[in-house]
Amino acid sequence: AALAIDPGHAAAHQGLGAVLSDLGESAAAEHHFRRGFGGRAIVTLPYRGTRPPLPVLQLVSSGGGNIPTAPFLDDREYLVSVVVADHLDRAATLPPHALVFNAIGDADRCGAALAAAKEVIARTAAPVINAPERVERTSRIEIARRLGALEGVKAPVMRRLSRSELSAHDAARALAAAGLTFPLLLRSPGFHTGQNFLLLAAPDQLPAALAALPGDALLAIEW
């Protein structure tokens, strides 16, 4: 409704992009993020302290997957400039800062934003908390692989498969070749707390699951 009144309203584009991202409609979300964050990828938040602040550059992703920072980046201590890393113009000047805090925390959801965050960090000599290259190593598959290599730990077999692989007539055979049999779990990457997460008892449930779950690729997980 807001965009019907003002098609260029940046905040409306940003908000609609966030909703579409949460629904797993990444292509539509990206269209609105480009409209919403173009030339507006840096916002300096109000500072409410009474003494000189510590200026912080906070890197975030446009499509969610960010760490909540309000509990510890107190606006009475820190002057925070939020940078939407995946939509920052490379020619844009970074705000003054003494520290970089990377708040992009979801490796499965925020690959492009983490890559962009590394480019931003390459432009500054300030110390960095939560380095993007470390976050990139925390995908579900990578964590399962690393934990599964520890003595006494059993982690689930997990594979990332394209929608076309899972919709093929021999999908069950491909899953078995990957070490997965039914029942198994299927989920969209980048979602949590049970959202877009299904238990499949048999191969004949795959078509309905694919229709219900968003994303071009899905995680198949040992149950």
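Residues numbered from 1 in each chain as written. Predicted model: local features only at pLDDT ≥ 70, side-chain atom pairs only at ≥ 80, totals over all residues. Heavy atoms only, no water.

Draft legend 1. Region of the structure containing the pairing of strand E2 (residues 54–60). Extensive coverage of E2 is indicated by the burial of 5 of its 7 residues. Two elements, E2 and strand E3 (residues 78–84), share 7 bridges in a ladder whose sense is parallel. Paired with leucine 57 across the bridge in E3 is serine 81. Sheet analysis places E2 next to strand E4 (residues 99–102), joined by 4 bridges and oriented parallel. (Buried < 20%, exposed > 50% of the residue type's maximum accessible area, 1.4 Å probe, protein only. Helix = DSSP H or I, 4+ residues; strand = E, 2+ residues; numbered from the N terminus. Pairing = 2+ DSSP bridges.)

Draft legend 2. A look at the sheet that holds strand E7 (residues 184–187). Overall, antiparallel pairing links the 4 strands, which are arranged E6-E9-E7-E8 in an open sheet. For this open sheet the edge positions go to strand E6 (158–162) and strand E8 (197–200), each flanked by a neighbour on one side alone. On average, each strand axis in the sheet is tilted by 25° relative to the strand beside it, whichever way the strands run. Lying on the sheet, helix H6 (residues 140–148) is in contact with E6, E7 and strand E9 (217–222); it crosses E6 at an angle near 155°. (Axes fitted to C-alpha atoms, helices over the stretch in contact; angles between N-to-C directions. Contact = heavy atoms within 4.5 Å.)

Draft legend 3. Looking closely at the sheet that holds strand E5 (residues 128–129). With respect to topology, 5 strands assemble into an open sheet ordered E1-E3-E2-E4-E5, the strand pairing being mixed. If you trace the sheet from one side to the other, it starts and ends with strand E1 (42–44) and E5, each paired once. Each of E2, E4 and E5 touches helix H4 (residues 111–121); the most contacted strand, E2, lies at about 150° to it.

Draft legend 4. View of the nonpolar core. Formed by 31 residues in total, the largest nonpolar core has its most connected members in Leu57, Leu59, Leu88, Val100, Ile104 and Val120. Of all the secondary structure elements, the ones that give two or more residues to this core are helix H3 (26–37), E2, E3, E4 and H4. The biggest single contributor to this core is H4, with 6 residues. Each residue touching leucine 57, except ones within four places of it in the same chain, is listed here: Ser81, Val83, Leu94, Pro95, His97, Leu99, Val100, Phe101 and Val120. If you look at the next biggest cluster of nonpolar residues, it comprises 14 residues, including Ala171, Leu180, Leu184 and Ala220. (Core = buried A, V, L, I, M, F, W, Y, C linked by side-chain atoms within 4.5 Å.)

Draft legend 5. How the structure looks around the layout of surface pockets. Computed from the structure, the largest pocket encloses a volume of approximately 570 Å³. Along its surface, the largest pocket is lined by 26 residues, and Ser21, Ser26, Asp108, Arg109 and Cys110 are the ones closest to its centre. With 4 residues, H3 is the largest single contributor of residues to the lining of the largest pocket. Looking at the lining of the largest pocket residue by residue, the class counts come to 9 nonpolar, 10 polar and 7 charged. (1 Å grid on protein atoms, 1.4 Å probe; cavity = no way out; pocket = protein on both sides within 12 Å on 5 of 7 lines; lining within 4 Å. Points joined across faces, edges and corners; volume = space filled by probe spheres on them. Nonpolar A, V, L, I, M, F, W, Y, C, P; charged D, E, K, R; others polar.)

Draft legend 6. Structural detail: the pattern of salt bridges. By the definition in use, this model includes 8 salt bridges. For arginine 51, the salt bridge identified is with glutamate 77, shortest N-O distance 2.9 Å. Taken together, the residues span a long stretch of sequence, with arginine 51 in the loop between E1 and E2 and glutamate 77 in the loop between E2 and E3 at a distance of 26 residues. What makes glutamate 77 partly exposed here is its relative accessible area of 34%. Between arginine 145 and glutamate 142 there is a salt bridge, with the nearest N and O atoms lying 2.7 Å from each other. (Salt bridge = Lys/Arg side-chain N within 4 Å of Asp/Glu carboxyl O.)

Draft legend 7. Region of the structure containing unusual backbone geometry. Put simply, phenylalanine 182 and proline 183 share a cis peptide bond, and its omega is 0°. The residue proline 183 is located in the loop between helix H8 (171–177) and E7 in this model. The phi dihedral of asparagine 130 is positive, around 70°, even though this residue is not glycine. On the secondary structure map, asparagine 130 appears in the loop between E5 and helix H5 (132–135). With a phi angle near 55°, asparagine 196 is a residue other than glycine that sits in the positive phi range. Tracing the chain through its elements places asparagine 196 in the loop between E7 and E8.

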